[in-house]
Amino acid sequence: MEGPPPVSEELLYSEPEEELRTAVADLLADRAPWAAVLARTESAEPYDAELWKALGTGIGAAGLLIPESLGGAGASLREAAVVAEELGKAVAPVPFLGNLTATALLLAVRDAGNGTAAAADELLRRIADGEQTVAVAIPFTRSPDTTYKGRVSVTPWPPREHPHEARVTGRVTSVADALPADVLLVPADGSIYVVQASDAKRTPVTSLDMTRVLCDIEYDDTPGMLLTTRYGALQSALLSAAAILASEQLGLAERCLATTVEYVKTRHQFGRAVGSYQGLKHRLAQLWVQIAQARAVARHAVSATGEEQAIAVAVAQAHCSAVAVQAAEECVQMHGGIGFTWEHPAHLYLKRAKSTSLALGGPSRHRRRLAELVELPQA
């Protein structure tokens, strides 16, 4: 009798990845327990700057993708995904996703090898050293496969003396991780410009997810520097971000399941643990299967390259978004009355899951994109 088929190596975690996971998990357990995260949502500073410093420079999470020659770790999306999983479990209020998206964009510019690669290198060095946090100034809902046409215009300034300098004018809404950023990468007029965040007006908006606050950004003749005219670098960066977001959603779903299982094992009603009821067992078992599937597609998304990456990311986002929302909803419901209270962390998971299900295109957009990529006939 034949045994089960071998597990693909890309779905497994390497020893260095597990070591990285342990370091991040220990840091978050010490610095970002859910009570501290909840308390921060009620403060004037929703992002934890000290935690981000410890994570970004102490552990090196900010420079994971950056080559060693520029001070980074020279790692891949697989290692970054491990960090994202742990951040999803803790709903940690740090700008990891936004900073990673900007890093991926800068790396794409660097790989293009045009005249602005030196500017990208300098920014990457500052990110790796922890000197600056960078964000891409686009709406959080923007899908990787759509062309971004924002309400931002650029005027060269002065026209001839400094050809790479410009003045940026316009407005972008619902940008994620831009509040704690030092530098903004601004898509405009088919190019990408570098703008100092302090020169732009950033206004926080009421966000569903209080641990990842969105903001509106306004430019009024704001100084900018041309980074690249290769607009395709933005789509490449958003594809990497969508892959990492799937891993964050995976981590969130895993924590919701673990928290719920622990609760139903210890909560007694009518003389028995509520987890002993068959109806709840079936729901949790089904959720476990869906999370196992989410782990497989999320790992594949951060391992795939080339043309296969677009398909893998579309599959991962279409599946992981829905699984994260379902896991968070089950967490709230199976905790009963306490799950609906502000003092319990269940609502933090539900809000993060709901907000990420709208991010970077959302599952419906990724399903349509998947149909296009595999050439399914339109209904």
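Residues numbered from 1 in each chain as written. Predicted model: local features only at pLDDT ≥ 70, side-chain atom pairs only at ≥ 80, totals over all residues. Heavy atoms only, no water.

Student: Any chance you could explain the overall build of the chain here in plain terms?
Tutor: Of regular secondary structure, the chain possesses 11 helices and 9 strands. Taken over the C-alpha trace, the chain has a radius of gyration of 21 Å; the compact-globule value for 379 residues is 21 Å, and the two agree within 12%. Mean positive and mean negative side-chain charge positions of the chain (34 and 44 charges, respectively) differ by 6 Å. (Helix = DSSP H or I, 4+ residues; strand = E, 2+ residues; numbered from the N terminus. Rg over C-alpha atoms; globule rule 2.2 N^0.38 Å. Lys, Arg positive; Asp, Glu negative; His and termini not counted. Charge placed at Lys NZ, Arg CZ, Asp CG, Glu CD.)

Student: So what exactly am I meant to see when it comes to the packing of aromatic side chains here?
Tutor: The relative placement of two aromatic rings is captured by the distance of their centres and the angle of their planes. This structure, assessed with the given rule, holds 0 aromatic pairs. For the cation-ring pair, Arg21 lies above Tyr13, with the distance from its terminal atom to the ring centre recorded as 4.6 Å. (Phe/Tyr/Trp six-rings, centres within 6.5 Å; stacked < 30°, edge-to-face > 60°. Lys NZ or Arg CZ within 6 Å of the ring centre and 35° of its normal.)

Student: Looking at this structure, how should I read the nonpolar core?
Tutor: Burial of nonpolar side chains together is a common tendency in soluble globular proteins. Grouped together as the largest cluster of nonpolar side chains are 121 residues, with contacts concentrated most on Phe96, Leu184, Leu185, Ile217, Tyr219 and Ile244. When residues of this core are assigned to their parent elements, the largest contribution, 17 residues, is made by helix α7 (residues 232-266). Ignoring any residue separated from it by four or fewer positions in sequence, one finds Tyr219 in contact with Ala137, Val152, Val168, Thr169, Gly170, Val172, Leu184, Val186, Val195 and Ala200. (Core = buried A, V, L, I, M, F, W, Y, C linked by side-chain atoms within 4.5 Å. Buried < 20%, exposed > 50% of the residue type's maximum accessible area, 1.4 Å probe, protein only. Contact = heavy atoms within 4.5 Å.)

Student: What's the story with the side chain of Glu254 in this structure? I'm lost.
Tutor: Topologically, Glu254 is positioned in helix α7. A polar contact of 2.5 Å, which involves the side chain of Glu254, links it to the side chain of Arg295. Those residues in contact with Glu254, other than ones at most four positions away along the chain, are Glu85, Lys89, Ile291 and Arg295. (Polar contact = N/O pair within 3.5 Å; in protein donor to acceptor, adjacent residues only side chain to side chain.)

Student: How should the environment of Arg126 be read in this particular structure?
Tutor: With respect to the helices and strands, the residue Arg126 is situated in helix α6 (residues 117-129). As for Arg126 and Leu70, which are separated by 56 residues in sequence, their C-alpha atoms are 8.9 Å apart. What Arg126 contacts, discounting residues up to four positions off in sequence, is Glu131 and Gln132.

Student: Even after reading the chapter, I still don't get helix α10 (residues 346-356), so can you show me in this structure?
Tutor: Because each turn of an α-helix spans 3.6 residues, side chains separated by three or four positions in sequence point in the same direction. Among the 11 residues in α10, 9 count as buried, and that is most of the element. Residues Ala346, His347, Leu348, Tyr349, Lys351, Arg352, Ala353, Ser355 and Thr356 constitute the buried set of α10. Those residues of α10 hidden inside the fold are in contact with α2 (34-41), α4 (77-90), α7 and α9 (307-334).

Student: What exactly am I supposed to notice about the pattern of salt bridges here?
Tutor: Proximity of charged atoms lets side chains of opposite charge pair with each other. Tallying each qualifying case throughout the model produces 21 salt bridges. Of the charged contacts, one joins Lys89 and Glu86 as a salt bridge, the two residues approaching to 3.1 Å between their closest N and O atoms. Of this pair, Lys89 and Glu86 both sit in helix α4, 3 residues apart, which is roughly one turn of the helix. Judged on exposure class, the residue Lys89 and its partner Glu86 are both buried. Two residues, Arg125 and Glu122, come together in a salt bridge whose shortest N-O distance is 3.9 Å. Of the two residues, Arg125 and Glu122 both sit in helix α6, 3 residues apart, roughly one turn of that helix. A residue is classified by how much of its surface remains accessible, and Arg125, at 35% relative accessible area, is partly exposed. By sharing partners, the salt bridges in this structure join Glu18, Arg21, Glu85, Glu86, Lys89, Glu254 and Arg295 into a single network. (Salt bridge = Lys/Arg side-chain N within 4 Å of Asp/Glu carboxyl O.)

Student: Explanation requested: the packing of α4 against α7 in the structure shown.
Tutor: The packing of two helices is summarised by the inter-axis angle and the distance between the axes. α7 packs onto α4 with a crossing angle of 40 degrees between their chain directions and a minimal axis gap of 7 Å. Accordingly, the angle class assigned to the pair α4 and α7 is oblique. Crossing of α4 against α7: the hand is right-handed. The segment α4 lies against α7, with Leu77, Ala80, Ala81, Ala84, Glu85, Gly88 and Lys89 engaging Ser240, Ile244, Ser247, Glu248, Leu250, Gly251, Leu252, Glu254 and Arg255. When the residues that make up the contact of α4 with α7 are grouped by side-chain class, the tally is 7 nonpolar, 4 polar and 5 charged. (Axes fitted to C-alpha atoms, helices over the stretch in contact; angles between N-to-C directions. Parallel < 35°, antiparallel > 145°, perpendicular 65-115°, else oblique. Left-handed = near helix turned anticlockwise from the far one by under 90°. Nonpolar A, V, L, I, M, F, W, Y, C, P; charged D, E, K, R; others polar.)

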